[in-house]
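Take a look at the letters that make up each chain.
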Amino acid sequence: MNARTRRLTTAQALVRFLSAQYTERDGVRRRLIAGTWGIFGHGNVAGVGQALLEAGEDVMPFHQGRNEQSMVHAAVGFARQLNRLSAQAVTTSIGPGATNLVTGAALATINRLPVLLLPGDYFASHAPDPLLQQLEHPVEADVSVNDTLRPVSRYFDRITRPEALIPSALQAMRVLADPAETGAVTLALPQDVQAEAYDWPEEFFAERVWYVRRPAPDPVELAAAVEAIRSAGRPLIVAGGGVHHSEAEEALKAFVEATGIPVASTQAGKGSLRHDHPADLGGIGHTGTAVSDGLARTADLVIGVGTRYTDFTTASGTLFQNPEVRFLNLNITGFDAHKLAARTLVCDAKSGLEKLLEALSGHRVGQEYEAEYRSGKDRWEEIVEAAYRADDENAVPTQTQVLGALDAAVGDDDVVINAAGSLPGDLHKLWRSRSPRQYHLEYGYSCMGYEIPAGIGVQQAAPGTPVWALVGDGTYLMMPTEIVTAVQEGLPVNVVLIQNHGYASIGGLSQETGGERFGTAYRFRAADGTFTGTPLPVDLAANAASLGMDVRRAKTVRELREALAAARASDRPTCVYVETDPAPTAPPAEAWWDVPVAETASREAAVEARERYDRQVAGRRRHL
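This is a predicted model, so every value here is computed, not measured.

**Comments concerning the sheet that holds strand β15 (residues 301-305)**
Sheet architecture is open: six strands sit in the order β14-β13-β12-β15-β16-β17, paired in parallel fashion. The sheet is open, and its two borders are formed by β14 (280-283) and β17 (343-346), each paired with just one other strand. Pairwise comparison of adjacent strand axes, ignoring direction, gives a mean angle of 20° for this sheet. Strands β12 (235-239) and β13 (263-265) of the sheet are contacted by helix α10 (residues 249-259), whose axis makes an angle of about 170° with β12.

**Let's talk about the environment of Arg154**
Tracing the sequence through the fold places Arg154 in the loop between β7 (115-121) and β8 (155-158). For Arg154 and Pro61, which are 93 residues apart along the polypeptide, the C-alpha to C-alpha distance reads 25 Å. Each residue touching Arg154, except ones within four places of it in the same chain, is listed here: Thr109, Val175, Ala180, Glu181, Thr182, Gly183 and Ala184. In this structure the side chain of Arg154 is engaged in a polar contact, spanning 2.7 Å, whose partner is the backbone oxygen of Glu181.

**Quick look at unusual backbone geometry**
For the peptide bond that leads from Asp129 to Pro130, omega is 0°, which places it in the cis range. Mapped onto the secondary structure, Pro130 falls in the loop between β7 and β8. With phi around 55°, Asn83 is a residue other than glycine that occupies positive phi space. On the secondary structure map, Asn83 appears in the loop between α3 (68-81) and β6 (87-92). Overall, Asn83 belongs to the buried group, its relative accessible area being 11%. Even without glycine at this site, Ala341 takes up a positive phi of about 55°.

**As for the packing of aromatic side chains**
Counted by the stated rule, this structure contains eleven aromatic pairs. Here Phe40 and Phe62 contribute two aromatic rings whose centre-to-centre distance is 5.4 Å and whose plane-to-plane angle is 20°, an arrangement assigned as stacked. In this pair, Phe40 sits in the loop between β4 (33-38) and α2 (45-55) while Phe62 sits in strand β5 (residues 62-64), placing the two residues 22 residues apart along the sequence. An angle of 75° between the planes, with centres 4.9 Å apart, marks the rings of Tyr198 and Trp200 as edge-to-face. Residue classification places Tyr198 among the partly exposed residues on the basis of a relative accessible area of 26%. An aromatic cluster is defined as three or more aromatic residues linked by ring pairs; in this entry it consists of Phe17, Tyr198, Trp200, Phe204 and Phe205. The lysine or arginine in question, Lys270, covers the ring of Tyr439, its NZ or CZ lying 5.5 Å from the ring centre. Sitting over the face of the ring of Tyr577, Arg553 holds its NZ or CZ atom 5.7 Å from the ring centroid.

**Section: empty space enclosed by the protein**
Summed over the entire model, instances satisfying the criterion amount to three cavities of 30 Å³ or more. Empty space within the largest cavity amounts to approximately 150 Å³. Every residue lining the largest cavity is counted, 15 residues in all, and those nearest its centre are His275, Gly282, Lys377, Trp380 and Glu381. Of all the elements in the fold, those that place two or more residues in the lining of the largest cavity are β14, α15 (367-388) and α17 (423-430).

**Considering the nonpolar core**
Core analysis: the biggest nonpolar cluster contains 77 residues, and Ile229, Ile237, Leu252, Leu356, Trp468 and Leu470 have the highest contact counts within it. With six residues, α15 is the single largest residue contributor to this core. In contact with Leu252, other than residues within four places in its own chain, are Ile237, Ala239, Val243, Val263, Ser272, Leu273 and Leu353. Core analysis: the next-biggest nonpolar cluster, separate from the first, contains 45 residues, Phe156, Ala184, Tyr450 and Tyr476 among them.

**Digging into the pattern of salt bridges**
Under the counting rule described, the total for this entry stands at 36 salt bridges. Among the ionic pairs, Asp121 bridges to Arg158, the shortest N-O distance being 2.7 Å. Of this pair, Asp121 sits in strand β7 while Arg158 sits in strand β8, placing them 37 residues apart in sequence. With respect to burial, Asp121 and Arg158 carry one shared label: buried. The salt bridge involving Glu372 is made with Arg234; its shortest N-O contact spans 2.8 Å. In this pair, Glu372 sits in helix α15 while Arg234 sits in the loop between α8 (219-231) and β12, placing the two residues 138 residues apart along the sequence. Its relative accessible area of 36% is what places Glu372 among the partly exposed residues. Exposure remark for Arg234: the relative accessible area of 22% places this residue in the partly exposed category.

**Section: the sheet that holds strand β9 (residues 184-190)**
With parallel pairing, the six strands of this open sheet are ordered in space as β5-β4-β6-β7-β9-β8. Two strands bound the open sheet, and with one partner strand each, they are β5 and β8. Averaged over all pairs of adjacent strands, the angle between their axes in this sheet comes to 20°, without regard to strand direction. Sheet analysis places β8 next to β9, joined by four bridges and oriented parallel. Pairing of Asp157 across the sheet is with Leu187, part of β9. Seen against the sheet, helix α5 (residues 101-110) touches β6, β7 and β9 and runs at an angle of roughly 155° to β7. Running over the sheet, helix α6 (residues 165-177) touches β4, β7, β8 and β9 and is turned about 160° from β9.

**Some points on helix α1 (residues 10-19)**
Across the ten residues that make up α1, a large majority, nine, are buried. Along α1, the residues that are buried comprise Thr10, Ala11, Gln12, Ala13, Leu14, Val15, Phe17, Leu18 and Ser19.

**Examining the side chain of Ser93**
With respect to the helices, strands and loops of the structure, Ser93 is situated in the loop between β6 and α4 (96-99). Among the polar contacts listed, one links the side chain of Ser93 to the backbone nitrogen of His42, at a separation of 3.5 Å.

What counts, and where the lines are drawn
- Residues numbered from 1 in each chain as written.
- Predicted model: local features only at pLDDT ≥ 70, side-chain atom pairs only at ≥ 80, totals over all residues.
- Heavy atoms only, no water.
- Pairing = 2+ DSSP bridges.
- Helix = DSSP H or I, 4+ residues; strand = E, 2+ residues; numbered from the N terminus.
- Axes fitted to C-alpha atoms, helices over the stretch in contact; angles between N-to-C directions.
- Contact = heavy atoms within 4.5 Å.
- Polar contact = N/O pair within 3.5 Å; in protein donor to acceptor, adjacent residues only side chain to side chain.
- Buried < 20%, exposed > 50% of the residue type's maximum accessible area, 1.4 Å probe, protein only.
- Phe/Tyr/Trp six-rings, centres within 6.5 Å; stacked < 30°, edge-to-face > 60°.
- Lys NZ or Arg CZ within 6 Å of the ring centre and 35° of its normal.
- 1 Å grid on protein atoms, 1.4 Å probe; cavity = no way out; pocket = protein on both sides within 12 Å on 5 of 7 lines; lining within 4 Å.
- Points joined across faces, edges and corners; volume = space filled by probe spheres on them.
- Core = buried A, V, L, I, M, F, W, Y, C linked by side-chain atoms within 4.5 Å.
- Salt bridge = Lys/Arg side-chain N within 4 Å of Asp/Glu carboxyl O.

These values are about where atoms sit, not about what they do.
Spelled out as structure tokens, the structure:
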């Protein structure tokens, strides 16, 4: 080895390279790849596995996972908690270990959150062919199962020669660190190439800093945006996840307090303002509050800040009904900024809000408009109080009373995590966010099984922060495996496990759309063959205990409050298990969501559902 090269295997070189990568924003530097999750098999054990062992924990911390999809979820939770400025890698073997990454990769990319995926791949040399777990394609010999990761990755490469790693690794870091490009990045690593040695240039291992830019708005776009805001009588801000990723909460607060423009939030943007700020109207869209959705219907200017405008936000195109409504979108990506035929401010959320505030000096909405939305906020708070209230402490709690008990138990900096089921709707309407990262809803992909591993990632990113993973029985059964990891690592994640004997959210949707709750209950088969018999004798609390958690069972509201307090005070992973009263107590939806209903059917429920659907879909608009 000469003075300017270092002989290492491809896997060893990759680990060394990753350990020297950093991000920097606003003068704060972080490791870009802070650790690596892994499950080993023949496709990575002698390559990346050996490289991690040789490098040691000081160079690259290693985290042992139980399920490949869960490992990606944990890495995503980590990255989100740190505002996308630090990420983790995930290594797997070939075959099912690699394809198990696909769901997590889709979740990361849809939510614009960075994660580096390092799946093993078939021999680049094709020396043993076919090999164990190989998909043989009769026409395209270079295809492997890892190609399933292409459409869900923001960058993909298969490293078929050691030297090919150099440009590809640099591109991978560029994408991970760029807020306008980030998502899942996949470097597929053929198992023979992982172990192959090469003389690497020393410059490849030099410390490298990826500066996370805060691009300012274009002056022409800024002037047009200022004119639009000044001429609007009923403007409304829709705050998305970009507010948090940019750490723009204080800039948003200053902008709102100067202009009086109210803020409604998407699932990803909730907490952009504290819940008790007079301009915070809570969630918007299908799961939004009455005051947010009411103002959205009459708004003449909708100012999107860091939002993707999903169908839940727009109520499937039926929410923004003012004939004169126009859109102004401030977003780091042109792709999202141009949605709904909007005027655009393609820039960082923080810098964009600061420039808007400066240019709008002296401008404020009318007093009547402020009084209107503040009064609506007060009325909604009464609804929240009613949903949370438990008049009988000895009664079985409803789901909204569970949220009320949790609301009373948490501190300002606790993190509450959820992703799927009926809880996202209840939380979006009712939860009182007290800090920017308290409300952690993964609703871009709404992936069942996300919550527990994401809780582990959040704990890794913010040690000492109380973390609550809220799961229903359906979600818990999807992916409880990382409980073992939390126990192993001594991470005191709290799991609030709500037992309602089935897919409650989809059951309600099925009933609304004429499906009569078919196949959504966890029950024995009845005489007619349907799943309408008695509930299954499944003890999920015992399952959590068998995986190493401390378990506290709560049968009443009083016991629930006591269990939550004990869990928060514990330094061990703790499960609070509660069976809920199935009676719905959450406020009804304030806006529609388009789930198509059978156009022809013989069953009365479906016929009636189609009639309702036709009435609703008639209100859809295309904003051009």
